[in-house]
Amino acid sequence: MTNPAGHSEESMRNAELAKLDGLIGEWKTTLSDAWFLEPPGTEVPAATTIERLGESFLVVRIEFGGGAHNSGMNLVIGRSDANDIYVALYEDERGVCRQYAMTFDGARWILNREDPDMYQRFIADVEKDRILGRWEASEDQGKTWRKDYDLTFERSRG
């Protein structure tokens, strides 16, 4: 039985957030086809961990490595039960902080932001042991989009 906030009476775990359980685990990640990396064709390896934070959040930690490309980013995913939406907060070592609206239907994962400085989105096809995604940006309020880079996740443990 669930209460009005979508939580199970037994565990108080958010039922809508439980739909993301297939993302939990450790992933070998590759950033590729980035317009800003030289030479063309450069791939940057990364390690991604997706885990629960309490009963109502997921934390995504991506650590990029490889030569001059050491960096990281973090994403905290939660829900606004009253608004029936997922929300994601992003931050990285540059001090960048962003909020994304998120949708997830089990096969397609989308993060989207429409901020005054730039529109940005992450679109990914999700399989059991692989996620194929890409980041895109628009500087004209979504009229045209450019691909920033691809992110491929291969499950290593989970």
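Residue numbering note: each chain is counted from 1, following its sequence as written. Given that the model is predicted, a residue must reach a pLDDT of at least 70 before its local features are reported, and side-chain atom pairs must reach 80 or more before they are shown or counted; all residues, however, enter totals for whole chains, interfaces and linings. The side-chain figures draw on all heavy atoms in the structure; neither hydrogens nor water molecules are used.

Novice: How do you make sense of the overall build of the protein when you look at a structure like this?
Specialist: Secondary structure elements are taken from DSSP: a helix is a run of H or I of four residues or more, a strand is a run of E of two residues or more, and numbering for both begins at the N terminus. Across its full length, the protein carries one helix and 10 strands. Secondary structure elements in the protein, listed N-terminal to C-terminal, are α-β-β-β-β-β-β-β-β-β-β. Here the protein, with 158 residues, has 39% of them falling under the buried criterion. Should any heavy atoms of two residues lie within 4.5 Å, those residues are considered in contact. Expressed as a percentage of contacts within the protein between residues at least 6 apart in sequence, the contacts between residues at least 24 apart total 34%. Surface exposure here means Shrake-Rupley accessible area, sampled with a 1.4 Å probe, where a residue is shielded only by the protein chains that are shown. Only carbon and sulfur atoms are counted for the fraction: they give 53% of the accessible area of the protein, which is about 8,900 Å². When a residue's accessible area, from a 1.4 Å probe over protein chains only, is under 20% of the maximum for its type it is buried; when over 50% it is exposed; and in between it is partly exposed.

Novice: I'm lost on the pattern of salt bridges in this one. Help?
Specialist: Pairing between side chains of opposite charge can happen when the charged atoms of each approach one another. Here, a salt bridge means any side-chain nitrogen of Lys or Arg that lies within 4 Å of a carboxyl oxygen of Asp or Glu. Enumeration over the complete set of coordinates arrives at 18 salt bridges. Linking Arg79 and Asp81 is a salt bridge whose minimum nitrogen-to-oxygen distance equals 3.7 Å. Of the charged contacts, one joins Arg146 and Asp148 as a salt bridge, the two residues approaching to 2.8 Å between their closest N and O atoms. Its relative accessible area of 29% is what places Arg146 among the partly exposed residues. The network of salt bridges with shared partners includes Asp33, Lys147 and Asp150.

Novice: Please clarify how the sheet that holds strand 3 (residues 57–64) should be interpreted in this entry.
Specialist: Backbone hydrogen bonds are what pair the strands of a sheet, in a parallel or an antiparallel way. A pair of strands is labelled paired if DSSP reports no fewer than 2 bridges between them. If you trace the 10 strands once around the closed barrel, you get 1-2-3-4-5-6-7-8-9-10, paired in antiparallel fashion. For this sheet the average axis-to-axis angle between neighbouring strands, irrespective of direction, equals 25°. Looking at chain direction, strand 1 (residues 25–32) and strand 10 (residues 146–157) are connected through seven bridges and run antiparallel. Residue pairing across strands places Lys28 opposite Glu154, the latter belonging to strand 10. Angular values range over 0 to 180 degrees, each being the angle between N-to-C directions of two axes fitted as lines to C-alpha atoms, with helices fitted over their stretch in contact.

Novice: Mind showing me how you'd approach the nonpolar core here?
Specialist: Considering soluble globular proteins, one finds that nonpolar side chains tend to be buried as a cluster. Counting residues in hydrophobic clusters, the biggest one holds 34 residues, and the most contacted among them are Leu20, Ile77, Trp109, Leu111 and Leu151. No other element matches the four residues that strand 3 contributes to this core. Residues contacting Leu111, with those up to four places away along its chain left out, are Leu75, Ala88, Tyr100, Ala101, Met102, Gln120, Arg121, Phe122 and Trp135. Definition of nonpolar core: a set of buried residues of the types Ala, Val, Leu, Ile, Met, Phe, Trp, Tyr and Cys, connected through side-chain atoms within 4.5 Å.

Novice: I tried to follow the pairing of strand 5 (residues 85–92) on my own but got confused; where do I start?
Specialist: On any regular strand, side chains alternate: one points to one face of the sheet, the next to the other face. Side chains of strand 5 alternate between two faces, with Tyr86, Ala88, Tyr90 and Asp92 buried and Ile85, Val87, Leu89 and Glu91 left unburied. Examined bridge by bridge, strand 4 (residues 71–80) and strand 5 share eight bridges and lie antiparallel to one another. By the bridge assignment, Ile77 is partnered in strand 5 with Ala88. Taken together, strand 4 and the strand that follows it, strand 5, pair antiparallel across an intervening segment of four residues, in which Asp84 is found at a positive phi of about 55°. Relative to strand 6 (residues 97–104), strand 5 runs antiparallel, the two sharing six bridges. In the sheet register, Tyr86 faces strand 6, and the bridge partner there is Met102. Where strand 5 hands over to strand 6, the hairpin turn is made up of four residues, of which Gly95 adopts a positive phi near 90°.

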